[in-house]
Amino acid sequence: MTLSVSVENISKQYRLGVIGNRTLYEDINRWWAKVRGLPDPLEKIGEMDYGNRADGLIWALHDISFQLKQGEVLGVIGRNGAGKSTLLKILSKVTGPTTGQIKLKGRIASLLEVGTGFHPELTGRENIYLNGAILGMSRDEISKKFDEIISFSEVEKFVDTPVKRYSSGMYVRLAFAVAAHLDPEIMVVDEVLAVGDAAFQRKCLGKLSENAGEGRTVLFVSHNMAAINRLCSRAILLERGRLIDDGPATEVTAKYLSGAAEEDGTRSWTDNEAPGTDRVRLLGMSLYAEDGVPKSVFDVNDEIFIRLKYRVGVPNTTFRCALIFNTQGVIAFASVEPTETVRSEPGVYQSVVRVPAHLLAESEYSLNVSIFASAGAKQHYVNLRNALNFQVYDSMTKPSARGDYTQNLLGIVRPMLQWDISAKQSN
Amino acid sequence: MQTMIEKEKWTDVIKPQRNWLDWRLGELWRARDLIMLFVWRDFVSVYKQTILGPLWYLIQPILTTLTFTVIFGQIAALPTDQLPDFIFYLSGSVIWAYFAECLNKTSMTFISNSSLFGKVYFPRLAVPISVLISNLIAFAIQFALFLLFVLYYWLVAGVVTPNWSVVLLPVYILMMAGLGLGFGVIVSALTTRYRDLQFLVRFGVQLVMYATPVIYPLSSIPEKYQFLIKANPMTSIVEGFRYSFLGSGTIEVWNLLYSFLFMLITLLIGILLFNRIEATFMDTV
């Protein structure tokens, strides 16, 4: 077996406070502070401190090395912020590493986000050519595969309609179809499979494993451990920018899940950094099961409790809390307090919501929190995306929607439904 | 293991800093289909859902020229080298528009494409180059309009006299494209750090127009100050263009050579900077 990718001591450093917009004025300001020996007046500190920061620098990746043989399918897993996306960005040449080098054999294509470069005014046909070229195909290659792409995407009838008239499902299918028909030797895939309906997802997974069968090297990033286990023979686990495990996919995913279980599943803010306004500020939130111990990994059999703690600063403030559950790139559902309640006294309040067992599927969920008033003048007090993440898995030790079915079960919800199987009714 | 790796034939190596002189022109050449598709996208998408469509390419210079004719020709009564006001201003605005559009649009390369650049790699220079070409199409349409008026003023009115130096047209275009691209990519590379520049550019281009003989002929400037105007590399191009097609103005080989050299140096600095910033700009935008 020959090598296809060799990642050698890759590190990537971001300078905090330099990310984002800069103006000449800020630069002069910074320089003037430096001259006077004062700390940088504009330095931003990231919300989460990973402890790998020194002098306003953050190592998004630290000395990562691994090699991939041709035809190998590697799963890349880790928590949000572990450096997975940075690694993929460096591999797909979107940004450069700070030190180290990566050697590649053959063309590399990335499916970091499908539909990149789609132009809404252009038709499906026109966008196939444009998107294909952006992803690195020549016009001839696209022409050759055009029919295949169209039939894969299932939008034959609308190929001459501007894509702005497409439904989001059609849009995504077309975009994935183009990407799936690239013929790169090395493919980088980041959670694109989370899109489209279940049947289409299955088709994409099929296409990916087919690709792997053809000797294509694939790097696959996902929060979906089931997909990783199914598609990948090997996986690497990143944590705080370091590679902490490299081995058979099943072992690495198991380690990841057990490690994630130790996370606390709470988040809190000090008074002056708490999101919100002076009327309402979110002070903290936590996730726990029946035993009341905060955690971030739940069995599908667990009832999940989510507690929001907030401070009301102005008497007679009326509002309601809402949670949005995101998974696999879509909103699974949203939930709101059924009425807008008046909190007449200033002080700290809390709201707890129970998510019934056997509702969420095995996946990683992230929560958006908002606190708002919609009766009368609409007002948002808190609007926080990715406030907390948690994972749902099926330990298969207790009855669940799976029954005794152990293979991949699709979907973002997993209700336990009753099946009535009739006795033989006739011949 | 180590020896096995040494023997591998790698086709690509991703390194932290790209060499100053590693321009990857081969890669750019392989992206020619992409460049043409960008050109075509810009051309097609801009006028979709407009009633007049590509006619706007003609309406713009005519309106500009009429404005110039009224304000600078009639009200301010600036000299025009004895040419009819209309053709004089039309020549200036058509040729200036190409340079200005190239510069304005290429200077936005990183800002307006940051979401695309953040997700997929292709030679970044493909974008500014496609801008030059799509503007060339617009220029061709406007130039055709200009030629019609030249023919009228030449054959019917007999007040303009095109001459053999019209063969220099490709040189003028090349120089404007080079200057537009050079300045444009310098600005686009710097705007990734300093957003202020993007506001400065549009304004600056307009100001520089007044330092270029677009709305007045070079001959109307007092002799001792002409060197100031001539220091502007666009001067010899606009004047030369006018001399070739209208028969007035000046064409000086030394000035043209100066502009050409200026263009080459700008382009070189621009590409060096662009190339340098390309790999890491995503971290700063």
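Our subject is the structure that appears above.
Residues numbered from 1 in each chain as written. Chains lettered and ligands numbered in written order. Predicted model: local features only at pLDDT ≥ 70, side-chain atom pairs only at ≥ 80, totals over all residues. Heavy atoms only, no water.

Asks: Looking at this structure, I do not really get the packing of aromatic side chains. What am I missing?
Replies: Any aromatic ring pair is given by two values, namely how distant the centres are and how the planes are angled relative to each other. Residue and element names in this part refer to chain B. One pass over the full model with this rule turns up 33 aromatic pairs over all chains. Ring plane angle 85° and centroid distance 5.4 Å describe the contact between Phe88 and Tyr89, whose orientation is recorded as edge-to-face. Classification of Tyr89 as buried rests on a relative accessible area of 0%. For the ring pair Phe110 and Phe274, a centre distance of 4.9 Å and an interplane angle of 25° mean the geometry is stacked. A residue pair is termed long-range when its members are at least 10 positions apart, and Phe110 in helix 6 (residues 109–112) and Phe274 in helix 13 (residues 253–278) qualify at 164 residues. The residues Phe110 and Phe274 share a single accessibility class, namely buried. Three or more aromatic residues joined by ring pairs make a cluster, and in this case those are Tyr98, Phe139, Phe143, Phe146, Tyr172, Phe241 and Phe245. One residue, Arg124, lies across the ring of Phe122, its end atom 5.3 Å from the ring centre. (Phe/Tyr/Trp six-rings, centres within 6.5 Å; stacked < 30°, edge-to-face > 60°. Buried < 20%, exposed > 50% of the residue type's maximum accessible area, 1.4 Å probe, protein only. Helix = DSSP H or I, 4+ residues; strand = E, 2+ residues; numbered from the N terminus. Lys NZ or Arg CZ within 6 Å of the ring centre and 35° of its normal.)

Asks: Looking at this structure, how should I read the interface of chain B and chain A?
Replies: Interface size is commonly expressed as the accessible area that is lost once the parts come together. In this complex, chain B contributes 42 residues to the contact, which on the side of chain A involves 54 residues. Of the roughly 4100 Å² buried between chain B and chain A on both sides combined, carbon and sulfur atoms contribute 58%. Broken down residue by residue, the surface that chain B buries against chain A is led by Trp10, Ile14 and Lys119 of chain B, which jointly contribute 18%. Our count for the contact surface shared by chain B and chain A stands at 0 salt bridges. For the pair chain B and chain A, the interface holds 2 residue pairs in polar contact (both at pLDDT 80 or more). Looking at the side of chain B that touches chain A, the elements with two or more residues in it are helix 1 (2–7), strand 1 (12–14), helix 3 (32–46) and helix 7 (114–117) of chain B. (Contact = heavy atoms within 4.5 Å. Buried area = accessible area lost by both parts, 1.4 Å probe. Salt bridge = Lys/Arg side-chain N within 4 Å of Asp/Glu carboxyl O. Polar contact = N/O pair within 3.5 Å; in protein donor to acceptor, adjacent residues only side chain to side chain.)

Asks: I'm lost on unusual backbone geometry in this one. Help?
Replies: Excluding glycine, a negative phi dihedral is what most residues carry, and trans is how most peptide bonds are arranged. Within the chain, Arg240 of chain A stands out as a residue other than glycine whose phi angle is a positive 50°. Looking at the secondary structure, you find Arg240 of chain A in the loop between strand 9 (234–239) and strand 10 (242–248). You can call Arg240 of chain A partly exposed: its relative accessible area is 44%. Phi at Ala77 of chain B takes a positive value of approximately 50°, unusual for a residue other than glycine. The topology assignment puts Ala77 of chain B in the loop between helix 4 (56–75) and helix 5 (85–106). A relative accessible area of 52% means that Ala77 of chain B is categorised as exposed.

Asks: Looking at this structure, how should I read empty space enclosed by the protein?
Replies: In this approach the atoms are scanned with a rolling probe the size of a water molecule, which exposes any empty space left behind. Residues and elements named next belong to chain B. This structure, assessed with the given rule, holds 5 cavities of 30 Å³ or more. Empty space within the largest cavity amounts to approximately 90 Å³. Every residue lining the largest cavity is counted, 13 residues in all, and those nearest its centre are Trp23, Arg24, Leu125, Asn275 and Glu278. Those elements that provide at least two residues to the lining of the largest cavity are helix 2 (25–30) and helix 13. (1 Å grid on protein atoms, 1.4 Å probe; cavity = no way out; pocket = protein on both sides within 12 Å on 5 of 7 lines; lining within 4 Å. Points joined across faces, edges and corners; volume = space filled by probe spheres on them.)

Asks: Help me understand the sheet that holds strand 9 of chain A, please; the structure alone is not making it clear to me.
Replies: Residues and elements named next belong to chain A. Spatially, 6 strands are ordered 6-7-8-4-9-10 in an open sheet, and the strand pairing comes out mixed. Each of the sheet's edge strands pairs with one partner strand only, and the pair in question is strand 6 (108–111) and strand 10. Each strand axis lies, on average, 20° off the axis of its neighbour in the sheet, ignoring direction. Two elements, strand 6 and strand 7 (residues 186–190), share 4 bridges in a ladder whose sense is parallel. Bridged to Leu111 within strand 7 is Val189. Its contacts with the sheet place helix 2 (residues 84–91) against strand 4 (73–78), strand 6, strand 7, strand 8 (217–221) and strand 9, and it is angled at close to 150° to strand 7. (Pairing = 2+ DSSP bridges. Axes fitted to C-alpha atoms, helices over the stretch in contact; angles between N-to-C directions.)

Asks: How should the sheet that holds strand 14 (residues 304–312) of chain A be read in this particular structure?
Replies: Hydrogen bonds along the backbone pair up the strands of a sheet, which may run parallel or antiparallel. Residue and element names in this part refer to chain A. An order of 11-12-14-18 is seen for the 4 strands of this open sheet, with the pairing classed as antiparallel. Of all the strands in the sheet, just strand 11 (266–268) and strand 18 (347–355) have a single pairing partner and so form its edges. Here the average twist between neighbouring strands, direction ignored, is 20°. Inspection of the sheet shows strand 12 (residues 280–288) paired to strand 14 by 8 bridges, in the antiparallel sense. Bridging across to strand 14, Leu287 finds its partner in Ile306.

Asks: Would you mind showing me how to read the environment of Arg125 of chain A here?
Replies: Residues and elements named next belong to chain A. Turning to its location among the elements, Arg125 is positioned in helix 3 (residues 124–134). Measuring from C-alpha to C-alpha, the distance between Arg125 and Leu417 comes to 42 Å, with 292 residues separating the pair along the chain. Those residues in contact with Arg125, other than ones at most four positions away along the chain, are Phe146, Val159 and Asp160.

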